[in-house]
Amino acid sequence: MKRKLVLLLTGVIVFGVLSACGASNEDEHSSHGGTNQNQENSATSTGHGEHGGHGASEQPADSFKASFSFASGTAKANEKSKMDIQIADSQGNLVKDFELSHEKLMHLIIVNHDFSYFNHIHPEFDGNGNFSIDTSFPGGGDYKLFADFVPKGGLSNTLSEWVKVEGEEKAHEAVKADEKLVKVVDGKEVELTLSSTKAQDEVMLTFKITDAQTKKGISNLEQYLGAVGHVVVLSNDAEKYLHVHPVEEKATGPKAEFMTSFPKSGMYKIWGQFQHQGKVFTVPFVVDIK
């Protein structure tokens, strides 16, 4: 009797180990393509909160899945394409209730293979489980889509997927750290300072915005999506995604501060977005985190 009991328990343990291994392999394969993404960075749980940063591996990756598709079947460079996005829960049911997050039900971030292209847009929701938007891509090649949303009564999530766009692919540019964190965009000089460049440290990102000609600080920045600005951070391998909101949302400049943490060492591209005199401007930086 004891021998049979030992054999039975051994069988249960082996079955449990095999089941766990099978789930791990399935998750690994699903991160390489297909319409439903289930990868390490495909879901997040941290809310936007006061400091506003949220990363990409704090909630089980199978909590939600996203489907990105084009009405024509594929997208072509320099042509408008209708994109549909659907979010499903862990049981495969379409999610039909979402909460506003900085004035929108979904924020869609699009970058190309070398991060030389960036777009932050907002698909329209039909109320029945489908988001859609018309957009275009400047060239052929690989683009990564990040759908940022909050399900009703839930936490912030980000689901992502690589898609292939037909057309001539531009030469890849190496992602290199900026020697000087000062850029001029639309007549504005923007200087970025980081309180730390070490992975996993709590880091204050401070953007100082001045008039490029007069060098006077711009103190009348306008609210963009309910805040003084928004910051998107992406690791060089496009696996770590952060959407960071300001410490003081009602600030008007010339400084805008954002608190975040870089999850690992490596190159990161940072896009800061602000609004002045009715126009949104985007300023990019690349930093090397040790």
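All values derive from a computational prediction rather than experimental measurement.

1. Examining the nonpolar core
So, point 1. Formed by 29 residues in total, the largest nonpolar core has its most connected members in Leu194, Leu205, Phe207, Phe262 and Ile270.
So, point 2. Sorting the residues of this core by element identifies strand 11 (188–194), strand 12 (202–211), strand 13 (230–235), strand 14 (241–244), strand 15 (255–261), strand 16 (266–276) and strand 17 (279–289) as the ones contributing at least two each.
So, point 3. A per-element tally of this core places strand 17 first, with five residues.
So, point 4. By size, the runner-up hydrophobic cluster in this structure holds 26 residues, among which are Phe68, Ile85, Val95 and Leu145.

2. What to know about the environment of Gly141
So, point 1. On the secondary structure map, Gly141 appears in strand 8 (residues 141–149).
So, point 2. Spatially, the C-alpha atom of Gly141 lies 8.3 Å from that of Val163, the residues being 22 residues apart in sequence.
So, point 3. The residues touching Gly141, leaving out its near neighbours within four places in the chain, are Val163, Lys164, Val165 and Glu169.

3. Some points on the pairing of strand 4 (residues 106–112)
So, point 1. Counting buried residues along strand 4, seven of its seven residues qualify, which places the element largely inside the surrounding structure.
So, point 2. Residues Met106, Leu108, Ile110 and Asn112 point to one face of strand 4 and His107, Ile109 and Val111 to the other, with burial holding for every one of them.
So, point 3. With seven bridges connecting them, strand 4 and strand 8 associate as antiparallel partners. Bridged to His107 within strand 8 is Asp148.
So, point 4. Sheet analysis places strand 4 next to strand 5 (residues 118–121), joined by four bridges and oriented antiparallel. Residue Val111 lies in a different strand from strand 5, and its bridge partner there is Phe118.

4. Thoughts on the packing of aromatic side chains
So, point 1. This model, assessed by the stated rule, comprises 17 aromatic pairs.
So, point 2. Centroid distance Phe274 to Phe281: 5.8 Å. Interplanar angle 35°. Geometry classified as tilted. An identical accessibility class is assigned to Phe274 and Phe281; each is buried.
So, point 3. An aromatic cluster is built from Phe64, Phe98, Phe125, Phe131 and Phe149, whose rings are joined through pairwise contacts.
So, point 4. When the ring centre of Phe281 is taken as reference, the NZ or CZ atom of Lys188 above it lies at 5.1 Å.

5. A word on the pattern of salt bridges
So, point 1. Enumeration according to the criterion identifies eight salt bridges in this entry.
So, point 2. Residues Asp84 and Lys82 are paired through a salt bridge, measuring 2.9 Å at the closest nitrogen-oxygen approach.
So, point 3. Between Asp186 and Lys279 there is a salt bridge, and its shortest N-O distance comes to 3.8 Å. Residue Asp186 is found in the loop between strand 10 (182–185) and strand 11, and its partner Lys279 is found in strand 17; the two are separated by 93 residues along the sequence.

Rules used in this analysis
- Residues numbered from 1 in each chain as written.
- Predicted model: local features only at pLDDT ≥ 70, side-chain atom pairs only at ≥ 80, totals over all residues.
- Heavy atoms only, no water.
- Core = buried A, V, L, I, M, F, W, Y, C linked by side-chain atoms within 4.5 Å.
- Buried < 20%, exposed > 50% of the residue type's maximum accessible area, 1.4 Å probe, protein only.
- Helix = DSSP H or I, 4+ residues; strand = E, 2+ residues; numbered from the N terminus.
- Contact = heavy atoms within 4.5 Å.
- Pairing = 2+ DSSP bridges.
- Phe/Tyr/Trp six-rings, centres within 6.5 Å; stacked < 30°, edge-to-face > 60°.
- Lys NZ or Arg CZ within 6 Å of the ring centre and 35° of its normal.
- Salt bridge = Lys/Arg side-chain N within 4 Å of Asp/Glu carboxyl O.

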